[in-house]
Amino acid sequence: MALSTEGLLGLTLWQTVIGGFGLGALVVTILLTVRATNAAIDANRIARESAERQLRAYIFVDSCKRTQEDKYNRWFIEASFKNFGQTPAYKLTIKFDYKLVSAPEAETMDFCDPTKHSSVHDLGPGHQTVVRPQIHELTGTNLPALKDGNLGLFFWGRADFIDAFGKERWLRFRYFQAGGKDLLSLGTHHEGNSTSESECLT
């Protein structure tokens, strides 16, 4: 029996409606798949970044102090840098400088680019490396003036290295001493200390 024109129109309408529902379901499926894929990508990225944070090298100043060779009565700054991470720091270079200044100058100290530097080397996890510049100016009356707080001793610089994941990292450090009589340790300065991560967060 042949369908009437109205019957054909109705059948076509229903086919269109059903097809529309099918297309809508397909679109929803695609959107859900894209969302799930993006969530998986984000989860993988977060897991990778978390693993890198846990495993990568962390270079910090472990100690910074004045030391003396009694035989020659020479004074040095001895700064120890340690890898506190779980993987090596590659191509570590430490640039540094020091300056002995009067108390008024200490308030407006100009921290120029460091002129001294260590050799380039790798530093394994838990290992330390030391830089030890001689303080040529710390002789005669300058030593009592430093102990009395009339002079200030600055030590500053930057350590650059590449972590095990191929990312460039750096540490800026700044230490200071004035007064304290027989105090040998240099304290962390109130500014000028930061890392590549802290710069990214600000």
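For the structure itself, look to the data block above.
Residues numbered from 1 in each chain as written. Predicted model: local features only at pLDDT ≥ 70, side-chain atom pairs only at ≥ 80, totals over all residues. Heavy atoms only, no water.

### Details of the packing of aromatic side chains
To be explicit about the condition: The criterion for an aromatic pair is that two Phe, Tyr or Trp rings (for Trp, the six-membered ring) have centres within 6.5 Å, with stacked assigned to planes under 30 degrees apart, edge-to-face to planes over 60 apart and tilted to the rest. Strands are runs of DSSP state E lasting at least 2 residues, helices are runs of H or I lasting at least 4, and numbering of each runs from the N terminus. Accessibility here uses a 1.4 Å probe with only protein chains present; expressed as a share of the type maximum, an area under 20% marks a residue as buried, one over 50% as exposed, and anything in between as partly exposed.
Applying the stated rule across the entire model yields 7 aromatic pairs. For the ring pair Phe111 and Phe154, a centre distance of 5.2 Å and an interplane angle of 80° mean the geometry is edge-to-face. Of this pair, Phe111 sits in the loop between α2 (103–107) and β4 (116–117) while Phe154 sits in strand β7 (residues 151–162), and the two are 43 residues apart along the sequence. Of the residues examined, Phe111 reaches a relative accessible area of 21% and is grouped as partly exposed. Seen in terms of ring centroids, Phe154 and Phe176 are 4.4 Å apart; in terms of plane orientation they differ by 40°. Their pairing is tilted. In this pair, Phe154 is assigned in strand β7 and Phe176 in strand β8 (residues 168–177), connecting sequence segments 22 residues apart. Clustering of aromatic rings is evident, with ring pairs tying together Phe81, Phe96, Phe155 and Phe173.

### Focus on the pattern of salt bridges
Rule in force here: By definition, a salt bridge exists where a carboxyl oxygen of Asp or Glu is found within 4 Å of a side-chain nitrogen of Lys or Arg.
This structure, assessed with the given rule, holds 8 salt bridges. For Arg56, the salt bridge is made with Glu197, and the minimal N-O distance between the two is 3.1 Å. Within this pair, whereas Arg56 is found in the loop between α1 (5–55) and β1 (59–69), its partner Glu197 is found in helix α4 (residues 196–201), the two being separated by 141 residues in sequence. Since its relative accessible area comes to 4%, Arg56 is described here as buried. Residue classification places Glu197 among the partly exposed residues on the basis of a relative accessible area of 26%. The salt bridge partner of Asp97 is Lys116, with a shortest N-O separation of 2.9 Å. Of this pair, Asp97 sits in strand β3 (residues 89–102) while Lys116 sits in strand β4; the two residues are 19 residues apart in sequence, bridging distant segments of the chain. Judged by its relative accessible area of 29%, Lys116 falls in the partly exposed class. It is possible to trace a salt-bridge network through shared partners that takes in Arg56, Asp163, Arg169 and Glu197.

### Focus: the pairing of β3
Within a regular strand, the side chains alternate between the two sheet faces. Condition: Whether two strands pair depends on DSSP finding at least two bridges between them.
One ladder, built from 2 bridges, connects β3 with strand β5 (residues 121–123); its direction is antiparallel. Each bridged residue has a counterpart across the sheet, and for Ala89 the counterpart in β5 is Leu123. Of the pairings in the sheet, the one linking β3 to β7 comprises 11 bridges and is antiparallel in character. From the neighbouring strand, Lys99 faces β7, where its bridge partner is Phe154. Where β3 and β4 come together, 2 bridges link them in antiparallel fashion. Across the sheet, residue Lys95 finds its bridge partner in β4, namely His117.

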